[in-house]
Structures are given as structure tokens and as C-alpha cells.
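# Remarks on the overall topology
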Amino acid sequence: MSTCSVSKGCFVFKPKSKKRRIASTADYFNDSKNDSEDSGLRFATCESLWKQIKSETEQIQEELNKQLYDNIIRFLRQSHSEFQEKKTEWACRMKSSEIPTAALVLGVNVTDHDLTFKRLSEVLQDNVTPYVVSLQAKECPGIRYLLKKLMGQLMDCYVEDQSEEEEYVTVSKKRIRCSLDALTDWYECVTKKTGSETPSKKRTSPSHWQSPPVVVIFKDMESFTTKVLQDFIVISSQHIHELPLVLIFGIATSPMIIHRLLPHSVSSLLCIELFQCLSCKEHLGTVIDKLLLTTKFPFKLSEKVLQVLINIFLYHDFSVQNFIKGFQLSVVEHFYSQPLSVLCCHLPEAKKRVNSFSHEQCEHIRSLPSFRRYVESQVSEKQIALLTEDNFVKEVTWILLEDLHIYHENYFPVLKCLHIFTSSLPKYPLGKQIRELHCACLEKRVWETEEYESALQLVRMLCKADLVAMLQKCVKIFMSFPGKEFGNTVEKLEEFLSRFQNLEAEASKVQDESISSQKELQKKTDLYHLQKTLLQLKESRRSKKLTKFEMLRFEVVDFIDSLVRNYLAPAEMQTLHEVVYFGAASTLCEHLNAAPRTALHTALNNPYFYLKNQALKSDAGCISNKAPDICIAYKLHLECGRLINLVDWLEAFSTVVTAVKGTDSDSVASDEVDEIIHARFIRAVSELQLLGFIKPSKQKTDHVAKLTWGGC
Amino acid sequence: MPTLEHPEYPEATLLHLESIMPCRESQMSTLLSVFGERQQYSFPSIFIYGHTSSGKTYVLQTLLKTLELPHVFVNCIECSTSRLLLEKILSQLQSLSSKTKHASHISCDTLNQFVCLFKQEIMAEELQNETIYIVLDKAEQLREMEANVLPAFLRLQELADRNVTVILVTEIVWELFRPNTGCFEPFTLYFPDYSIGHLQKILSHDHPPEYSADFYAAYINILLGVFYTVCRDLKELRHLAALNFSKYCEPVVKGEANERDTRRLWKNIESHLKKAMQTVYLREVSSSQWERLQQDDGEPGQVKGLSAHTHVELPYYSKFLLIAAYLASYNPSRSDKRFFLKHHGKMKRTTFLKKHEKTSNHLLGPKPFPLDRLLAILYSIVDKRVAPTGNIFSQISSLVTLQLLTLVGHDDQLDGPRYKCTVSLDFIRAIARTVNFDIIKYLYDFL
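Rules of the game
- Residues numbered from 1 in each chain as written.
- Chains lettered and ligands numbered in written order.
- Predicted model: local features only at pLDDT ≥ 70, side-chain atom pairs only at ≥ 80, totals over all residues.
- Heavy atoms only, no water.
- UniProt positions renumbered as here; feature names shortened; annotations may be inferred.
- Helix = DSSP H or I, 4+ residues; strand = E, 2+ residues; numbered from the N terminus.
- Buried < 20%, exposed > 50% of the residue type's maximum accessible area, 1.4 Å probe, protein only.
- Contact = heavy atoms within 4.5 Å.
- Areas by Shrake-Rupley, 256 points an atom, 1.4 Å probe, with all protein chains shown as cover.
- Phe/Tyr/Trp six-rings, centres within 6.5 Å; stacked < 30°, edge-to-face > 60°.
- Lys NZ or Arg CZ within 6 Å of the ring centre and 35° of its normal.
- Disulfide = S-S within 2.5 Å.
- Core = buried A, V, L, I, M, F, W, Y, C linked by side-chain atoms within 4.5 Å.
- Domains from an automatic or database assignment.
- pLDDT = per-residue confidence, 0-100.
- Pairing = 2+ DSSP bridges.
- Axes fitted to C-alpha atoms, helices over the stretch in contact; angles between N-to-C directions.
- Patch = residues over 30% accessible without salt bridge, like charges linked within 9 Å, V, L, I, M, F, W, Y side chains within 5 Å.
- Salt bridge = Lys/Arg side-chain N within 4 Å of Asp/Glu carboxyl O.
- Buried area = accessible area lost by both parts, 1.4 Å probe.
- Nonpolar A, V, L, I, M, F, W, Y, C, P; charged D, E, K, R; others polar.
- Expected span 1.5 Å × (residues − 1).
- Arc of directions from axis to C-beta.

By the naming in an unreviewed UniProt entry, chain A goes by Origin recognition complex subunit 3 and is assigned to Alligator mississippiensis. Recorded in UniProt for chain A, the comment headed Sequence similarities (unreviewed entry) runs: "Belongs to the ORC3 family." Under the UniProt heading Subcellular location (unreviewed entry), the note attached to chain A is "Nucleus".

Structural data, given as C-alpha cells:
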């Protein structure tokens, strides 16, 4: 490099900042599928769809937690009013001043808590008090750090509130030592100021209370050390008269933890009230109901993908956030990998897009398995037309898309209706939750399964009151869906209901009959006659006509059955289902449920899997000498016992490596191992040691110990 | 005849002191005589100890305030470092000597500096010829500060060469304070626990204005009868008395009984108090909830206490991980073969046992186990095949953060971490029941 300087010296050249383009998701879409021109469109569709879904999920979250937030605010208000009138009453004077504390039980899905707490502090800041502090255990290893963090956050929110006071705060910030005394002074100062200023300026939000409480949220109660918590509570209880403090404990396990962490002398300083968050399973149920069991969003999950997501939720983390993340991943993956996903939008839009399809895209449609099945089922002239004329394909696609839409519109009401019947059966043959029923219906024809059969059997035994209640619920469901299809269904159901009502009148008649027959029985005193009549009675009972109620019940069940057969066909049987259903469960599984040990084993055992080098392709059993050294060493070590003799291992290694050369360099055939091979071996062994497969053993110096399964 | 006598102070003040601090006359008179007259040098350091709420702080505070002695009162628990403590003392001194002008902040890092600054502060005329008292409440915190803090405070009079007395107030005995290197021995004063008679007297002392003293004393008598066996903490008793008094008055307010009808009142309140002992005293139910219940006349059983919610919902594999961890913690590792291999053969408990293993493992507590053993047990107790996915490993660490497992020893993840299971048998049985796993069959202790 040159400089314009004439003198000799050392010059510093800053490297020119290379503009590293951060590849956006859009570019990613474009780059990889350069053949299809619609990738941009697909990306846009994906984005807008995800935006909708996201806002929907946020709304769900809000609604679900509203109750909880309201309760907490009510609790705060109550404890606060006590704080204000403390000095007057005798009873209040006598009572020891406790710190109001809300114990918030949130469940074990720790990943979801952040969102809840964030929202909670927003709600509190909007409605109650500007002074909300949230603390995490890892930030507070000691009481000093806790106070520091607490004061830092409080002072900051003060600055935000009134920008002109900044100089006061910054000056005092340097001076203030972290102690609760300082905090009390600060609080007094702040409230006095706002108290005198509010009438004239109205700067603080009007919803805030007079002398607002200071809310301290302990996000993860379990992880706090007892000493820190105890100290903090003891100290702050001495200032409770000047500083209206409210604590919120975030608890993941059970409220018992409070007694485990705090001794009685400390917990007697608290006035603890319990608040329970909605259980995460219910939360998931609502999310599935609002996102998946609706025609609002064109995108759908296939049975396998849904099963993967639900399994991860139930088996591993209970985290609704992760479920939604998985859902997002499947949306992106679907739009990325399926060229026809461009049609995965609302019906009118999709129709427009079909019209502007190119020849290539029509070919895509033709290559869909479900479309091919459809073609095969047509008459031969139509088949030819479908395979040759693009315009005709477009027209058909148009119709098929409409069919698919109607299928969905019918599917969900009927599914919900069936769920009403199956959800209250003993032992739940078709599952208790609607998601299980949904999966069963997506998987195969549900009416062919044994579970369905047994469920219907059980429905046939329901009592009248239950049946009527269920039918009423079904009517409500069908009414709430706007589809025109169900006009007849609703009529039919209402007819059933009215017939059930009429039954009551007839029922009394039936009773009369049975009484009369019994009377007849009482008349006969002769043993022979009695036997005879009893036999007759038995006969008649066996072949007895069903009562009217039973007949009606059968009719209802048959009707439900017909609904199910008509509308709950699995989605895979629908033509063009590939457009809206995402089915690559294995891809999703790889991303969400990674198996590091298995992956490592695969990489070492079968390097072709990752390297895709034709030379590495080999049969399962044998060891190729073209594989990387570490793979060879790994495979050899699999065959050994707990302790591996290094010399033997080296010998085996060199045999494998020199196997090909062996044909022409037989003559060498000495015991001496090539130095290079030796070095390669040592490197491979130390790599294995780094990966944690072996470790040097103290039992024998020239041996190493195996650490993985079957080892020690 | 007044028990307190002191030439310095007028008799009326002393009488007043006596009336607001009943049952502490002897301690007070000792303190007064040790303090002496205002300008006299007192003992350099006084060590006051006694059980919780035996009136130590209250007596000292009222004494110093009523007699208007110059003093500084610091609660050590608020001062995590010696620097905070010293600065706090100095700033209070500052406000003592100059009440009008706003105090500027003093920074003080070491004791040496403190002594110098202390002398400066004392220079003010009104403080010069009086004893200054520095009271350090919760003095046990001093032991956790630097080694020189406690001895220096004990002989501050000598170090500063001023008329000052340091009073340490604590709940533990002097023997636990005394440093190894020895130090100045303070004058120790013990505050004994209040007896039941004392408690009765003190609690009846402040009766509500609407009711007569006798009526309230009868109430306190009943209250003490119930609670005295479990709680002698005056503060707590006062709190409980205030909480339940409205219930006691109920028949009187309603006109069903008059104030003298003690038997009837007793019947009304006794079961109520017993319930209070099980709930509100243990803080199972908060005081405000308790009051609301009283107002609504609801059954206390309606509100569930904190301990009622023991159920913890866990993901499926977390449950099995926890069960596996429990088995690994409480079974000797040699018995794994017997429980988890199909053809383990017969293994009699008696022959199989070593001598020390005959004691119940549940009495000995959980033992640490390596990660591999946990996973091996997990694979054999879950019916389905479990893939060792990342999620399984992350669940183990999330169980650790939930404090259901604890990591033992070093946290070097590469070198085989070891865990302990910290949940109780009842808890694990409840968990095992939800997944239909008969844990008792797999526990060595119940073989």
C-alpha cells in the first residue's frame, strides 16, 4: 500500500469495510430455485400469511392471559388501598406490616414465561404504576447485585417517564449507593414531585394510581438463592411504610417452593396470594383450534407433521412458543420446497394465479401424485386433454381448488360435531382432545377403524339427556359456520330434537303396557303356566321390538355416521392436496428434534451420508480405506471391548489403509508401520478422544478406555 | 413505687418509660445505670442479646429517644459491605450535628478513615460533652465483614478517644462472635424471653378503643391458650390477635351475647383459632384472604393453602427422566442388573447385600449418579424406543433449573456430570402414577 506521506514511518491502514450482504430470506428463496419464476411471489405469500398467523397467535395469548392480569391488578389495588389507610384503624396498627406478594404459578414450560412476564409488566405499566422491575436469578448472585439491578431499572423507568428530570437523575445516580434507604428517598422525591405537578401538567398517565406501588417481579423463583431472597425480604419489610413494595414470584413448579426457600420468620413477613396461569395444554388446545381447525388460513399441516409437533410438545417441552415456532418453520419450508405453494392463498387470489400459469407450472401440476390419480380416473379423451392442453388443466385446477376449499369448509364443522359425541365416551376410544380426532381423521378413513366402530357402539348406548344436549351443541356448531351446505343438516338435527321431546308423551304409554303384562303374570298361580308364560315373555323380549327411543337413537347415530362418511375423508385423498398441506415430517424432525449422538455416529460410520462422495459409498459391513482416517479408527474401535490396545489398533488401522496399495507393494510387507500412517493414526485417535469416545486409562498404560455404550 | 430510679432524669419520664415498656424494668434499670449521666463516659461497648421479639430493639430505641440521648441507629442487614455501614453511620451523625443544612455525601472506605471522619463530625459543640451511642442492630452481620470491623467497633471509644458507646444488638450469644485473636470484651446484657404472664400483660396493654380492657384481656387469654404452645413471638401473636378479634366480637356486635359472657364467646372463637393456627399462622393462607373469609362468613376450607398445590405437570419424558433419576439416586448401582435386565436370575436380598447397605437408602438420602446411568435406566423403563435427541438432554438441564435434580460437584460437562434427585417419595409416586409406572416395584428399599 502506498501513502502520500514523504516521511518514513509506520502507517496504519484500516481495512476497507467489506459490505457483507446479509442474505435475507427472500434471496434464499430466489437463489436456490432459480428455475421457477414465481419464487418472489411465493415468498411474498409466505410473508403475508405468516404475518396474519402471528397476529392471530398474539391475540390468542392476550385473551387467554387477560383473566390472570385482571386478577393480579385487583390484588394490587386491594393491597394498595390497605397501604394507604394503614395509619388510621386500630386493627391495621396492630397488624404487622406484610409485603403483598403474588405467587404466580406458570407451569414448567419456562420458555413461555418470558412472554407472559413481558406482557404482564406492560399491562402493569399501562394501568397501575410506572415502577415495574423484573429480576432474573442469574443477574442477582448477591443482595448487592439485586439492589443494583433494582435501582438501575427503577431509575431508568423514571427517566423515561419525565425526560426533563434527567439531569437530576444522572447526578444522583453517581452518588447513590445501592441501598434501600436511597431507594426510599428516591421514591419520596418522585412521588412528591408528581403529586404536585400532575394537576397542572398531567404528565403521568392518568390511569396510574396515587403514590404508585413499586412492583418487583422475580421471574424464576426456583433459581434464586435463599440468602438473597431472605435478605431482600427482611430489608424491604423494614421500609414497607415508606415504600409500597409489591413482589411477584414467578413459580414454575409448585407453590411449595416458597416454604422450601423461605423459613417461617421470613415468610411471615409476606402476605402471599396464589395466582394460577392457564395450563399449557389448554393453551395449546386453543392455539390448535384457532390456527389449524379453521378455514381462515389456507395453509394446513398433514397428519405426520402435526403429530411431530404435538409429540415434541407433549413429550419434551410443553412450550407453546416452540409449537408456534415449529408451525412457522413448516410454513416457510412448505413455501420454499413446494413450487405449487404459490396457490396456497385465498380462493379468489388463487384463481387469478392459476390463470397466469406458465407451461412449466402446468407441468408441475401434472406431476403431482394426487393429480395423476385424478387423471387416471377420468375417461380417455379427457385424460389426453388433461395431459396436453394447458388451458384445460388450468380450468380443471380452478374447479379442483374450489372443491378443496369446500371440502375444508365442511370438514371442520363435522369434525367438531363428531368430537362432541366422542369426547364424553368412557375410555375415549377416539381420543379426548379434538387434536387426536383430527389426526385420526387425517390419517385414514376414520370410519374404517376399530376405534370408530367402538365409539359408535358407545354412542348407541347414551342416555336421552346426554344425547339431546349433544345434538343441541351440534346445532349450535353448524349454525355458527356460514357454509350453505348445512341447511339440511341443521333441519334434520332439529327434527331429531323435536322427536325426542315428543317421546316423553309416548313413554308413559309404554310403561302402561309393561305394567299390564306384569299384572298378567301375577294372575297365574299354576307352576306349569307360570313357566310357560315366563318362557313366552323371554321369547318376546328377545325378539322384542325396540322402543321408540332406541329406534330414534339408532337413526341419530346413522345420521352422524353418514355425515362422517361424507365429509371426513382424509385430506390425502383430495386432489391437489399437496398445494396446501405440508407433509415433510422428516425435515421438520431433523430441525426441531435434533439427535446429536445419532448424527455423530452416522457421520463416522457412514461418511457418504454427509460428504456425498461417490468413492465413499460402501456396503454396511466393510471398512473402506478411502474414508477419512477418523472414520476408519472409529469403525475399528467399535469392534473392541472396554479396553483397547493401541498397538493392535494401529496394526488394524494400517492394514485397512494400505489395503489397496497392498496389491503392488506386497514386497514391503515388513512389521514396520509407515511413519505417515502412524502419524495419521495418532491424529485420528486424539480426534476421537476430543469427541469423547475414548480416554486414556490408568489400568494399563498402552490401552485406552472406551467411553460410549457398551464401554465402562 | 417506681422501680426505675436515676438522678439525671425526672421521675415523670421514668414512669412514662415504665408504662410503655412493661416487663422490661430490670433490663432498663441496668442500661440506665450503665449509661450513667449524660456527660459521663459509659462502657465502651455493650452487647445485648436475646431471642426474637424479646423487646431488645424496642427498649433501646424508646430509651434513647425519650431521654433524647444523641444516638445513631443502624440495621446491619441493610449493609452488605463495611463501607455501606460506615457511610451510613457517618451520614446519620452528620444529620445529628447539623440538623438544618443538607448533608453532603461522605465517602469512607476504611476504618481508619472512619475514625478520622468520626472525630471531625463530633466536633460540633452540642455533641462534645455527651455520650454518643451507636446502635448496631442485627450485629451478627458484622461477622461476615472484614476481620477488623468488629474489634474496632468494640473499642471505638479508645480508638477515637471520644465519649462514645457502641451497642450491639443480636439474637445469638457473644461466644459466637468472639474472634480467634481476642478482642475487647463488651458488657453483655441478656434479654430473657417473655413468660406467658408477660405476654398476656403486654398484649392486653393495647386494647382497641371501642372495647374495655377486661374484654380484650379475656380474648388475649383465649388466644394465648391456643397459640402459646406453637408461637411465642410477640409480633406474630399481636398480628394474630388483630386478625381474629373481629370474629371474637361478632356475637357482641350482633347482640347475641354481652361482653361478660366469656364462655359463649370462647365457644364461638376456639375452633376458629385452631383453624387459624393451621392456615394463616403458617402463611398457607394470606392474612388478607383470611380477613375476607371472615367477612364473607365463608368456611376457611374453601381457600386452598399453598401446600395444597403440590401437583406439578411435566412433559412425558421429563417424568420418566425424573423417575429414572430417582431410581438411580436411591438404588445401589449393583442392583440395576436385577431390576433392568430380563434374565437377571434369582438374587436374594440378604445374600446380595453388603452390611452397610442394609440400612434404608431412603434414610440415607439421595446419592449422586453419572449421566450415563440415568440414560441407561431411562431407556429400559420407557416402553417405546427413545432416541437420544437434543431435547432429552435439554430436559435434564431444565429439570436442574427447576430444582428437581441438582448437579453435584464440578460443572465440567465434558467429564461426565453427576446428578442427584431431590424430590420426595410422595412426589415421585404421584408422578409415576400418572404414567402407570409402578415405582415401588423398582425400588431396592421396598424389595
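### Here we look at the overall build of chain A
Across its full length, chain A carries 31 helices and 10 strands. Out of the 712 residues in chain A, the part that is buried amounts to 46%. In chain A, once contacts between residues fewer than 6 apart in sequence are set aside, the share between residues at least 24 apart is 75%. Accessible surface, chain A as shown: approximately 38400 Å² in total, 53% of it carbon and sulfur.

### Here's the deal with the packing of aromatic side chains
Summed over the entire model, instances satisfying the criterion amount to 47 aromatic pairs over all chains. Judged by centre distance (5.1 Å) and plane angle (75°), the rings of Y216 of chain B and F245 of chain B are edge-to-face. Taken together, the positions of Y216 of chain B in helix α10 (residues 213-227) and F245 of chain B in helix α11 (residues 234-254) put the pair 29 residues apart, joining distant regions of the chain. Clustering of aromatic rings is evident, with ring pairs tying together Y315 of chain A together with Y316, Y317, F320, F339, F340, F437 and Y442 of chain B. In this structure, K351 of chain A packs its charged tip against the face of W398 of chain A, placed 4.4 Å from the ring centre.

### Description of the state of the cysteines
All chains considered together, the criterion is met by zero disulfides over all chains. For C417 of chain A, which is in no disulfide, the shortest distance to another cysteine sulfur is to C474 of chain A and amounts to 3.1 Å. Summary of cysteine pairing: C108 of chain B is not part of a disulfide, and the nearest cysteine sulfur, belonging to C116 of chain B, is at 9.1 Å. Taking relative accessible area as the criterion, C108 of chain B reaches 0% and is therefore assigned buried.

### Re the nonpolar core
Among the nonpolar cores identified, the biggest contains 152 residues, and F371 of chain A together with L322, I323 and I381 of chain B are the most heavily contacted of them. Each of domain 1 (49-157 + 211-278) and domain 2 (283-506 + 548-582) of chain A gives at least three residues to this core. Aside from chain neighbours lying at most four places away, what touches F371 of chain A is I365, R366, L386, V393, V396, L400, T575 and L576 of chain A. Formed by 47 residues, the second largest nonpolar core is a distinct cluster that contains L183, L243, F249 and V266 of chain A.

### Brief notes about the confidence of the model for chain A
Residue and element names in this part refer to chain A. Taken residue by residue, chain A gives an average pLDDT of 80. The fraction at 70 or more is 81%. Taken together, the stretch residues 160-175 has pLDDT below 50 and engages in 21 contacts with residues farther than four places along the chain or on a different chain. Long-range and interchain partners of residues 196-205, a stretch whose pLDDT sits below 50, account for 13 contacts in this model, where long-range means more than four residues apart.

### Considerations on the sheet that holds strand β10 (residues 703-706) of chain A
Pairing between the strands of a sheet comes from backbone hydrogen bonds, and it takes one of two forms, parallel or antiparallel. All names here are of chain A. Within the open sheet, the three strands sit side by side as β8-β10-β9. Their pairing is antiparallel. In this open sheet, the two edge strands, each paired with only one partner strand, are β8 (643-645) and β9 (694-696). Taking the axes of each pair of neighbouring strands and ignoring which way they run, one obtains an average angle of 35° across the sheet.

### With respect to a nonpolar patch on the surface
A contiguous nonpolar surface patch, about 330 Å² in accessible area, is contributed by F609, Y610 and L611 of chain A. Relative to the elements of secondary structure, F609 of chain A occurs in helix α28 (residues 608-611).

### Some words on the interface of chain A and chain B
Across the boundary between the two partners, chain A contributes 59 residues, which contact 61 residues of chain B. A buried area of about 5200 Å², summed over both sides, lies between chain A and chain B, and 57% of it is on carbon and sulfur atoms. At the junction of chain A and chain B, the tally comes to one salt bridge. The partner of K281 of chain A in a salt bridge is E313 of chain B, with the nearest N and O atoms 3.3 Å apart.

### A closer look at the environment of N605 of chain A
Residues and elements named next belong to chain A. Note on placement: N605 falls in helix α27 (residues 596-605). Assessed through its relative accessible area of 28%, N605 is described here as partly exposed. Sequence spacing of N605 and L638 is 33 residues, and the spatial spacing of their C-alpha atoms is 9.7 Å. With residues near it in sequence (within four places) discarded, N605 still touches Y634, K635 and L638.

### Section: the domain arrangement of chain A
All names here are of chain A. Looking at the assigned domains, one finds that chain A contains domain 1 (49-157 + 211-278), domain 2 (283-506 + 548-582) and domain 3 (596-661 + 672-706). For domain 1 versus domain 2, the separation of C-alpha centres amounts to 45 Å. Tallying the contact residues gives 16 residues for domain 1 and 20 residues for domain 2. The contact between domain 1 and domain 2 buries some 1600 Å² in all, and 68% of this surface belongs to carbon and sulfur atoms. The interface formed by domain 1 and domain 2 holds one salt bridge in total. Of the charged contacts, one joins K296 and E56 as a salt bridge, the two residues approaching to 2.7 Å between their closest N and O atoms. Those elements that place two or more of their residues in the side of domain 1 that touches domain 2 are α2 (39-84) and α4 (110-127). Looking at the side of domain 1 that touches domain 2 element by element, the count peaks at 10 residues for α2. Its residues placed into classes, the side of domain 1 that touches domain 2 shows eight nonpolar, five polar and three charged.

### A short note on the sheet that holds strand β3 (residues 214-218) of chain A
All names here are of chain A. Pairing is parallel in the open sheet, where five strands are placed in the order β2-β3-β4-β1-β5. Each of the sheet's edge strands pairs with one partner strand only, and the pair in question is β2 (132-135) and β5 (270-276). The sheet shows a mean angle of 20° between the axes of neighbouring strands, direction not considered. When strand β1 (residues 99-105) meets β5, the two strands line up parallel, connected through seven bridges. Bridged to A102 within β5 is E273. Running at roughly 160° to strand β4 (residues 245-251), helix α8 (residues 226-238) makes contact with β1, β3, β4 and β5 of the sheet.

### Comments concerning helix α31 (residues 675-691) of chain A
All names here are of chain A. An ideal rise of 1.5 Å per residue puts 24 Å on 17 residues; α31 measures up with 24 Å between its terminal C-alpha atoms. Every buried residue of α31 is accounted for by I677, F681, A684, V685 and L688. Buried residues in α31, looked at end-on, bunch into an arc of 100°, giving them a common side. Of the exposed residues in α31, those oriented more than 90 degrees away from the buried face are E675, I676, R683 and L690. Against α29 (629-638), α30 (646-657) and β9 lie the buried residues of α31. Of the residues trailing α31, G692 is marked for its positive phi of about 90°.

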